[in-house]
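If you want the building blocks of each chain, they are given just below.
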Amino acid sequence: MIKNILNTTKALSLAALTLASVQAGAANWKYAIEESLSEVQGVYATQFKEYIEANSDHRVQIYPFGTLGESTDIMEQAQAGILQFVDQSPGFTGSLIPEAQVFLMPYVLPETESEVNYFFKNSKVINENFKELYAEQDLELLKMFPEGSVAITTQESFRSPADLNGMKIRVMTSPLLVETYKAFGAVPTPLPWGEVFGALQTKLIQGQENPWFYIESGKLYEVTEVITEAGHNIFTTAVMANRDFYQGLSETDQQLVQQASEVALDYILKYQEGLAEEAKAKIKAAKPSIEFVTLTEAERVPFRAAAKDVRAKFIEMTGPSGQAILDQLEADLELARNN
Ligand code: 6CS
């Protein structure tokens with residue numbers, strides 16, 4: 001049912017896209033995101049749009065989740081040049097750019113917000129290494145940004161990998177997430193976002209992982225009994241432009257796009273201060289029976305051990321290129337720690 005509605009909306013929106021006009025000098029740029037306008041990707045995209053529109057005659061039309069299909073659909077449309085900008089998270093980019101899965105590896109990104117923010121502002125791996133890898137896929141990588149610490153929703157509480165045995169946990173479709181949840185002892189179930197709520201409701205899956213704000217805005221707590229923090233990851237997303245489109249822009253417009261991306265990044269990092277705490281409070285208020293669990297350091301030990309296997313899988317999937325990415329990422333994180 002939801003799928004049919006999504007398909008119809010997608011068809012209508014695609015038809016509208018082909019009718020979109022380009023006026024002389026002033027362009028209409030199309031930008032699709034994986035979330036709604038009020039969620040983190042939507043807030044970033046709105047800042048980007050407002051900067052572009054305040055500083056040029058160009059207009060930016062944002063297409064929120066569902067209007068043009070799932071994450072993989074909007075990526076295809078951006079690569080084909082139907083869309084000028086797209087936000088796709090590494091959790092879905094893994095099959096296209098395996099190295100992007102470095103952001104999915106458990107216990108690599110730090111938990112401290114200031115370190116995370118420093119990393120996303122200054123990272124060489126993003127601004128140099130990944131720029132090249134995305135370019136090979138006809139994409140101009142503009143920014144990557146965090147969306148908060150990832151929590152795991154389940155029906156029953158867990159404290160160890162053994163407790164996760166047999167639990168079907170939904171993950172985004174990147175292969176490394178499948179390896180992660182296998183290593184964590186669960187049964188990983190890759191699904192596109194549009195199918196997650198229904199799958200939890202019908203008990204096809206028992207849980208999933210996402211940042212707190214998304215668990216709240218997606219009302220996932222309605223179909224969840226326990227939300228657990230294992231401190232294993234920070235959700236990362238990426239914004240890019242179609243490369244031919246970007247290369248074809250005047251130098252002034254390229255600068256405009258870069259400045260808009262920078263302004264939106266600063267905004268979104270600040271915007272998220274306290275966001276997870278607000279989401280937790282809203283969830284508790286909406287469902288007082290919900291249980292929040294934070295795994296202790298001792299309880300995290302076996303999950304950290306499992307992360308070593310995931311690291312080996314990442315290298316197996318990506319070879320020397322992935323190793324170089326991982327080395328640079330760790331050097332960037334070291335810098336973030338010391339700042
Ligand atoms: O779980 C997902 O599929 C996704 N999570 C977030 C926070 N954003 C986009 C994506 O749909």
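Here, every reference points to the structure presented above.
Heads up: these notes are all about the structure in this document. (Residues numbered from 1 in each chain as written. Predicted model: local features only at pLDDT ≥ 70, side-chain atom pairs only at ≥ 80, totals over all residues. Heavy atoms only, no water.)

Further remarks concern the site of the ligand. Contacts to the ligand come from Glu34, Glu35, Gln41, Phe92, Glu147, Arg170, Met172, Trp193, Asn210, Pro211, Tyr214 and Phe235. Interatomic distance of 2.7 Å between a side-chain N/O atom of glutamate 35 and a nitrogen atom of the ligand. Bound to the protein, the ligand loses 99% of the 300 Å² it would expose on its own. According to the grid-proximity analysis, the pocket containing the ligand is the largest cavity. Here the shell around the ligand is built from residues that sort into 6 nonpolar, 2 polar and 4 charged. (Near = heavy atom within 4 Å. Polar contact = N/O pair within 3.5 Å; in protein donor to acceptor, adjacent residues only side chain to side chain. Areas by Shrake-Rupley, 256 points an atom, 1.4 Å probe, with all protein chains shown as cover. 1 Å grid on protein atoms, 1.4 Å probe; cavity = no way out; pocket = protein on both sides within 12 Å on 5 of 7 lines; lining within 4 Å. Sits in = over half its atoms within 2 Å of the grid points. Nonpolar A, V, L, I, M, F, W, Y, C, P; charged D, E, K, R; others polar.)

Let's shift gears to the side chain of lysine 280. When you line up the elements, lysine 280 lands in helix α12 (residues 275–286). For lysine 280, a relative accessible area of 15% gives the class buried. If we ignore the near neighbours within four places in the chain, the residues touching lysine 280 are Trp212, Glu229 and Phe292. (Helix = DSSP H or I, 4+ residues; strand = E, 2+ residues; numbered from the N terminus. Buried < 20%, exposed > 50% of the residue type's maximum accessible area, 1.4 Å probe, protein only. Contact = heavy atoms within 4.5 Å.)

Here we come to the environment of tyrosine 44. Position of tyrosine 44 relative to the elements: it lies in helix α2 (residues 40–55). Residue class for tyrosine 44 comes out buried when judged on its relative accessible area of 0%. In this structure the C-alpha to C-alpha distance between tyrosine 44 and alanine 264, which are 220 residues apart in sequence, comes to 5.4 Å. Non-local contacts of tyrosine 44, meaning those with residues more than four positions away in its chain, are made with Tyr31, Lys143, Phe145, Val239, Ser261, Ala264, Leu265 and Ile268.

Enumeration according to the criterion identifies 4 cavities of 30 Å³ or more in this entry. For the largest cavity, the calculated volume is near 120 Å³. Lining the largest cavity are 14 residues, with Glu34, Phe92, Met172, Trp193 and Tyr214 sitting closest to its centre. In terms of residue class, the lining of the largest cavity is made up of 6 nonpolar, 4 polar and 4 charged. Taken together, Ser89, Pro90, Gly91, Phe103, Leu104, Val150, Met172, Glu209, Asn233, Ile234, Phe235 and Thr236 form the lining of the second largest cavity. For the lining of the second largest cavity, the secondary structure elements donating two or more residues are α4 (90–93) and β9 (234–242). Ranked by residue count, the leading element in the lining of the second largest cavity is β9, at 3 residues. Residue composition of the lining of the second largest cavity, grouped by class: 7 nonpolar, 4 polar and 1 charged. (Points joined across faces, edges and corners; volume = space filled by probe spheres on them.)

The subject of this paragraph is the pattern of salt bridges. Scanning the model with the defined rule gives 18 salt bridges in all. Between lysine 313 and glutamate 316 there is a salt bridge, with the nearest N and O atoms lying 3.9 Å from each other. Within this pair, lysine 313 and its partner glutamate 316 are both found in helix α13 (residues 297–337), separated by 3 residues, close to a single helical turn. Assessed through its relative accessible area of 30%, lysine 313 is described here as partly exposed. According to the relative accessible area criterion, glutamate 316 is exposed, its value standing at 61%. (Salt bridge = Lys/Arg side-chain N within 4 Å of Asp/Glu carboxyl O.)

Among the structural elements, alanine 54 can be located in helix α2. With a relative accessible area of 63%, alanine 54 lands in the exposed category. Sequence separation between alanine 54 and glutamate 334 is 280 residues; the distance between their C-alpha atoms is 37 Å.

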